[in-house]
Amino acid sequence: ALLLVITKVQIIQFQLPVFTRFDNPAAVNPTPIQQLTFNYLLLLNSSELCSLKMNKNNTKLWNNVGDALANEKNFERTLKYLLQATHPDDTGVHMNVGRTYKDLNRAGEAEESYMLAMSLLPQLFLIKK
(Lines give C-alpha, C1' and ligand atoms only; values in the text may rest on other atoms or scores of the structure.)
Protein backbone atom coordinates (compact mmCIF):
# COMPACT_ATOMS: atom_id res chain seq x y z
CA ALA A 1 0.00 0.00 0.00
CA LEU A 2 2.85 2.38 0.79
CA LEU A 3 4.34 1.77 -2.65
CA LEU A 4 1.02 2.76 -4.23
CA VAL A 5 0.90 6.01 -2.26
CA ILE A 6 4.50 6.85 -3.21
CA THR A 7 3.76 6.13 -6.87
CA LYS A 8 0.68 8.32 -6.79
CA VAL A 9 2.55 11.20 -5.15
CA GLN A 10 5.21 10.98 -7.86
CA ILE A 11 2.55 11.11 -10.57
CA ILE A 12 0.44 13.95 -9.16
CA GLN A 13 3.35 16.00 -7.78
CA PHE A 14 1.53 16.80 -4.50
CA GLN A 15 -1.45 18.31 -6.37
CA LEU A 16 -4.92 17.79 -4.98
CA PRO A 17 -7.51 16.43 -7.38
CA VAL A 18 -9.59 19.05 -9.16
CA PHE A 19 -13.24 18.96 -8.12
CA THR A 20 -16.20 20.74 -9.61
CA ARG A 21 -19.59 21.44 -8.06
CA PHE A 22 -20.83 18.38 -9.98
CA ASP A 23 -18.16 16.06 -8.54
CA ASN A 24 -18.16 17.31 -4.97
CA PRO A 25 -20.66 19.91 -3.80
CA ALA A 26 -18.65 20.40 -0.59
CA ALA A 27 -15.74 21.75 -2.67
CA VAL A 28 -17.57 25.05 -3.08
CA ASN A 29 -18.85 25.25 0.49
CA PRO A 30 -17.57 27.82 2.99
CA THR A 31 -15.11 27.18 5.80
CA PRO A 32 -14.92 24.79 7.71
CA ILE A 33 -16.94 22.36 5.56
CA GLN A 34 -14.56 22.67 2.61
CA GLN A 35 -11.44 22.11 4.73
CA LEU A 36 -12.99 19.15 6.55
CA THR A 37 -13.95 17.63 3.22
CA PHE A 38 -10.46 18.02 1.76
CA ASN A 39 -8.85 16.57 4.89
CA TYR A 40 -11.20 13.62 4.70
CA LEU A 41 -10.30 13.13 1.03
CA LEU A 42 -6.60 13.07 1.87
CA LEU A 43 -7.22 10.05 4.07
CA LEU A 44 -9.07 8.28 1.28
CA ASN A 45 -6.59 9.34 -1.39
CA SER A 46 -4.20 6.50 -0.58
CA SER A 47 -6.72 3.97 -1.86
CA GLU A 48 -7.20 5.63 -5.27
CA LEU A 49 -4.51 3.65 -7.06
CA CYS A 50 -5.90 0.43 -5.63
CA SER A 51 -9.29 1.34 -7.05
CA LEU A 52 -7.72 1.53 -10.52
CA LYS A 53 -6.98 -2.17 -10.24
CA MET A 54 -10.39 -2.97 -8.77
CA ASN A 55 -12.50 -0.65 -10.92
CA LYS A 56 -11.17 -0.05 -14.41
CA ASN A 57 -14.18 2.21 -15.13
CA ASN A 58 -13.25 4.92 -12.61
CA THR A 59 -13.40 7.81 -15.10
CA LYS A 60 -12.56 10.58 -12.64
CA LEU A 61 -9.48 8.79 -11.37
CA TRP A 62 -8.08 8.08 -14.86
CA ASN A 63 -8.81 11.71 -15.79
CA ASN A 64 -6.97 13.04 -12.70
CA VAL A 65 -3.89 10.92 -13.45
CA GLY A 66 -3.96 12.13 -17.07
CA ASP A 67 -4.29 15.72 -15.89
CA ALA A 68 -1.26 15.36 -13.62
CA LEU A 69 0.78 13.91 -16.49
CA ALA A 70 -0.33 16.76 -18.77
CA ASN A 71 1.05 19.22 -16.23
CA GLU A 72 4.40 17.47 -16.71
CA LYS A 73 4.04 17.88 -20.51
CA ASN A 74 4.06 14.09 -20.88
CA PHE A 75 1.32 14.11 -23.52
CA GLU A 76 1.73 10.55 -24.85
CA ARG A 77 1.18 9.08 -21.37
CA THR A 78 -1.55 11.65 -20.73
CA LEU A 79 -3.44 10.42 -23.77
CA LYS A 80 -3.07 6.81 -22.65
CA TYR A 81 -4.77 7.55 -19.32
CA LEU A 82 -7.40 9.88 -20.75
CA LEU A 83 -8.48 7.35 -23.36
CA GLN A 84 -9.04 4.86 -20.53
CA ALA A 85 -11.09 7.53 -18.73
CA THR A 86 -13.33 8.24 -21.68
CA HIS A 87 -16.95 7.74 -20.76
CA PRO A 88 -19.56 8.22 -23.48
CA ASP A 89 -21.24 11.19 -21.76
CA ASP A 90 -18.35 12.84 -19.86
CA THR A 91 -17.83 16.21 -21.53
CA GLY A 92 -14.77 17.10 -19.45
CA VAL A 93 -12.83 14.00 -20.40
CA HIS A 94 -13.59 14.52 -24.10
CA MET A 95 -12.35 18.11 -23.78
CA ASN A 96 -9.15 16.91 -22.10
CA VAL A 97 -8.61 14.28 -24.81
CA GLY A 98 -9.05 17.00 -27.44
CA ARG A 99 -6.60 19.29 -25.67
CA THR A 100 -4.05 16.47 -25.47
CA TYR A 101 -4.45 15.66 -29.17
CA LYS A 102 -3.89 19.36 -29.87
CA ASP A 103 -0.74 19.32 -27.74
CA LEU A 104 0.45 16.33 -29.79
CA ASN A 105 -0.25 18.23 -33.05
CA ARG A 106 -3.01 15.80 -34.02
CA ALA A 107 -5.54 18.41 -35.13
CA GLY A 108 -8.07 16.07 -36.76
CA GLU A 109 -8.44 13.90 -33.69
CA ALA A 110 -8.53 16.98 -31.46
CA GLU A 111 -11.40 18.41 -33.50
CA GLU A 112 -13.34 15.12 -33.25
CA SER A 113 -12.98 15.10 -29.45
CA TYR A 114 -13.99 18.76 -29.16
CA MET A 115 -17.03 18.21 -31.39
CA LEU A 116 -18.09 15.20 -29.35
CA ALA A 117 -17.74 17.21 -26.13
CA MET A 118 -19.78 20.06 -27.60
CA SER A 119 -22.53 17.68 -28.68
CA LEU A 120 -22.88 16.57 -25.05
CA LEU A 121 -23.35 20.08 -23.69
CA PRO A 122 -26.94 21.05 -22.91
CA GLN A 123 -28.42 23.61 -25.24
CA LEU A 124 -28.40 26.85 -23.32
CA PHE A 125 -30.37 28.93 -25.77
CA LEU A 126 -33.16 28.09 -28.13
CA ILE A 127 -32.59 29.73 -31.48
CA LYS A 128 -35.78 31.20 -32.91
CA LYS A 129 -36.20 31.79 -36.61
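Residues numbered from 1 in each chain as written. Predicted model: local features only at pLDDT ≥ 70, side-chain atom pairs only at ≥ 80, totals over all residues. Heavy atoms only, no water.

Going by what an unreviewed UniProt entry lists, the chain is known as dolichyl-phosphate-mannose--protein mannosyltransferase and is assigned to Myodes glareolus. Taken from UniProt, the Sequence similarities (unreviewed entry) comment for the chain reads in full: "Belongs to the TMTC family." (UniProt positions renumbered as here; feature names shortened; annotations may be inferred.)

A. Representation of the packing of aromatic side chains within the structure. On inspection of all chains with the given rule, the structure shows 1 aromatic pair. Aromatic pair Trp62 and Tyr81: ring centres 5.6 Å apart, planes at 35 degrees, arrangement tilted. Of this pair, Trp62 sits in helix α4 (residues 59-71) while Tyr81 sits in helix α5 (residues 75-85), placing them 19 residues apart in sequence. Relative accessible area serves as the criterion here: at 7%, Trp62 is assigned to the buried category. (Phe/Tyr/Trp six-rings, centres within 6.5 Å; stacked < 30°, edge-to-face > 60°. Helix = DSSP H or I, 4+ residues; strand = E, 2+ residues; numbered from the N terminus. Buried < 20%, exposed > 50% of the residue type's maximum accessible area, 1.4 Å probe, protein only.)

B. Representation of the packing of α5 against helix α6 (residues 91-103) within the structure. Running from N to C, α5 and α6 cross one another at 155 degrees; their axes reach a closest spacing of 10 Å. When the axes of α5 and α6 are compared, the pair comes out roughly antiparallel. Crossing of α5 against α6: the hand is left-handed. Judged by residue contacts, Phe75, Thr78, Leu79, Leu82, Leu83 and Ala85 of α5 engage Val93, Asn96, Val97, Thr100, Tyr101 and Asp103 from α6. A breakdown of the residues in the contact of α5 with α6 according to their chemical character gives 8 nonpolar, 3 polar and 1 charged. (Axes fitted to C-alpha atoms, helices over the stretch in contact; angles between N-to-C directions. Parallel < 35°, antiparallel > 145°, perpendicular 65-115°, else oblique. Left-handed = near helix turned anticlockwise from the far one by under 90°. Contact = heavy atoms within 4.5 Å. Nonpolar A, V, L, I, M, F, W, Y, C, P; charged D, E, K, R; others polar.)

C. Region of interest: the side chain of Ser113. Structurally, Ser113 is set in helix α7 (residues 107-120). Among all residues touching Ser113, those that are not within four sequence positions of it are His94, Val97, Gly98 and Tyr101.

D. Spotlight on the nonpolar core. Membership of the largest hydrophobic core comes to 17 residues, with the highest contact counts inside it found for Ile11, Val65, Leu69, Leu79, Tyr81, Val97 and Tyr101. Where this core is concerned, the elements lending two or more residues are α1 (2-12), α4, α5 and α6. What Leu69 contacts, discounting residues up to four positions off in sequence, is Ile11, Asn74, Arg77, Thr78 and Tyr81. (Core = buried A, V, L, I, M, F, W, Y, C linked by side-chain atoms within 4.5 Å.)

E. Local environment of unusual backbone geometry. One non-glycine residue with positive phi stands out, namely Lys73, at about 65 degrees. Mapped onto the elements, Lys73 comes out in the loop between α4 and α5. At Asn105, a position not held by glycine, the phi torsion is positive, near 60 degrees. Exposure remark for Asn105: the relative accessible area of 70% places this residue in the exposed category.

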